[in-house]
Structures are given as C-alpha cells and as structure tokens.
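Each chain, letter by letter, is given below.
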Amino acid sequence: QVQLVESGGTLVQPGGSLRLSCAASGNIFNIYAMSWYRQAPGKQRVFVASVPRGGGTVYADSVKGRFTISRDSAKNSVYLQMNNLKPEDTAVYYCAAAIQPTGTIGPFDYWGQGTQVSVSS
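Everything numeric in this text was worked out from a predicted model, so none of it was measured. (Residues numbered from 1 in each chain as written. Predicted model: local features only at pLDDT ≥ 70, side-chain atom pairs only at ≥ 80, totals over all residues. Heavy atoms only, no water.)

Visitor: For this particular structure, what's the right way to read the overall build of the protein chain?
Guide: Helices and strands together make up the secondary structure of the protein chain, namely 0 helices and 11 strands. Secondary structure elements of the protein chain occur, N-terminal to C-terminal, as β-β-β-β-β-β-β-β-β-β-β. Here the C-alpha radius of gyration of the protein chain, 14 Å, is about what a compact globule of 121 residues would show, namely 14 Å. Structurally, the protein chain occupies a C-alpha span of about 50 × 25 × 25 Å along its principal axes. Among the 121 residues that make up the protein chain, the fraction classed as buried is 40%. Counting only contacts in the protein chain whose residues sit at least 6 apart along the sequence, the fraction spanning at least 24 positions is 57%. When the accessible surface of the protein chain is summed, it comes to about 6400 Å², and 49% of that surface belongs to carbon and sulfur atoms. Computed over 10 positive and 6 negative side-chain charges, the separation of the two mean positions in the protein chain equals 2 Å. (Helix = DSSP H or I, 4+ residues; strand = E, 2+ residues; numbered from the N terminus. Rg over C-alpha atoms; globule rule 2.2 N^0.38 Å. Buried < 20%, exposed > 50% of the residue type's maximum accessible area, 1.4 Å probe, protein only. Contact = heavy atoms within 4.5 Å. Areas by Shrake-Rupley, 256 points an atom, 1.4 Å probe, with all protein chains shown as cover. Lys, Arg positive; Asp, Glu negative; His and termini not counted. Charge placed at Lys NZ, Arg CZ, Asp CG, Glu CD.)

Okay, here's the thing in structure tokens:
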C-alpha cells in the first residue's frame, strides 16, 4: 500500500516563509511526477507546482517567483519552499504523485491528506 504524508503547514504572517514536505512510503517501484495542489475555503482544488522525475519544474502563475518545488528521489520526497507568503495563499495544501507500486503496471495517482497553511497577521 502506498501513502503520501505532508507536513509543515502552520500559521505564518504575510511576507513570511514556510517549507512543506511530503514523503511517499509503501511498496513503491517508481515515482514519476510529484506535485502540490491547494484548496482555499469554498474554492476548488488548484494546481500549484510540479516536478517530473527527470527534472524541470512547472508553476502556477500565482506562485511563480515566490514558491520553489524540489524533490529528493532517494527519500521519495517532494518539498515546497514558499516565500513572501500572502493572505491569498491560505489553503489546505495537498501533495500528489504518480506512483507505480511494486508488481503493478502503474502509475496511479496518489494524494496526501493535506496540510493547512494560514497566512494572517
């Protein structure tokens, strides 16, 4: 069984920084793209950033220049460094990954449980 577990969400003041972490565990044969999404209160879940297995990154326009996604393949982990945070960044942040479990033809999409980020003075 494959699991994604996020951590690092908390309350931070506007202009502050925060680093989210997400670790995948279980019977993993391969991990392809790893991504972050967020869902603000009363709104749909939206894409934030993604990093494919081979490198390169993609960002939503709203976070370009402020957020940085990175991954550590040896640790099956992905990170989101968030700088210059704004109140509109307040949301539940979800980690997602395309994972091929051992013994399957995969990949399949997996999601974490989410971590709350609140930006307020």
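Visitor: Which parts of the structure should I look at to understand unusual backbone geometry?
Guide: Working note: non-glycine residues mostly have negative phi, and peptide bonds are mostly trans. Each neighbour pair has its own omega, and for Gly-106 with Pro-107 the value is -5°, a cis peptide bond. Position of Pro-107 among the secondary structure elements: in the loop between strand 9 (91-101) and strand 10 (108-111).

Visitor: Would you mind showing me how to read the packing of aromatic side chains here?
Guide: The description of an aromatic ring pair uses the distance of the two centres, along with the angle that the planes make with each other. Going through the model one piece at a time under the given rule, you end up with 2 aromatic pairs. When the centroid spacing of 5.7 Å and the interplanar angle of 80° are considered together, the rings of Tyr-37 and Phe-47 count as edge-to-face. Of the two residues, Tyr-37 sits in strand 4 (residues 28-39) while Phe-47 sits in strand 5 (residues 46-51), which places them 10 residues apart along the sequence. Residue class for Tyr-37 comes out partly exposed when judged on its relative accessible area of 24%. A residue is classified by how much of its surface remains accessible, and Phe-47, at 29% relative accessible area, is partly exposed. Put simply, the rings of Tyr-37, Phe-47 and Trp-111 touch in pairs and so form one group of aromatic residues. Over the ring of Tyr-79 we find Arg-19, and its NZ or CZ is 4.1 Å from the ring centre. A cation over a ring is seen here: Arg-45 above Trp-111, with NZ or CZ 4.8 Å from the ring centre. (Phe/Tyr/Trp six-rings, centres within 6.5 Å; stacked < 30°, edge-to-face > 60°. Lys NZ or Arg CZ within 6 Å of the ring centre and 35° of its normal.)

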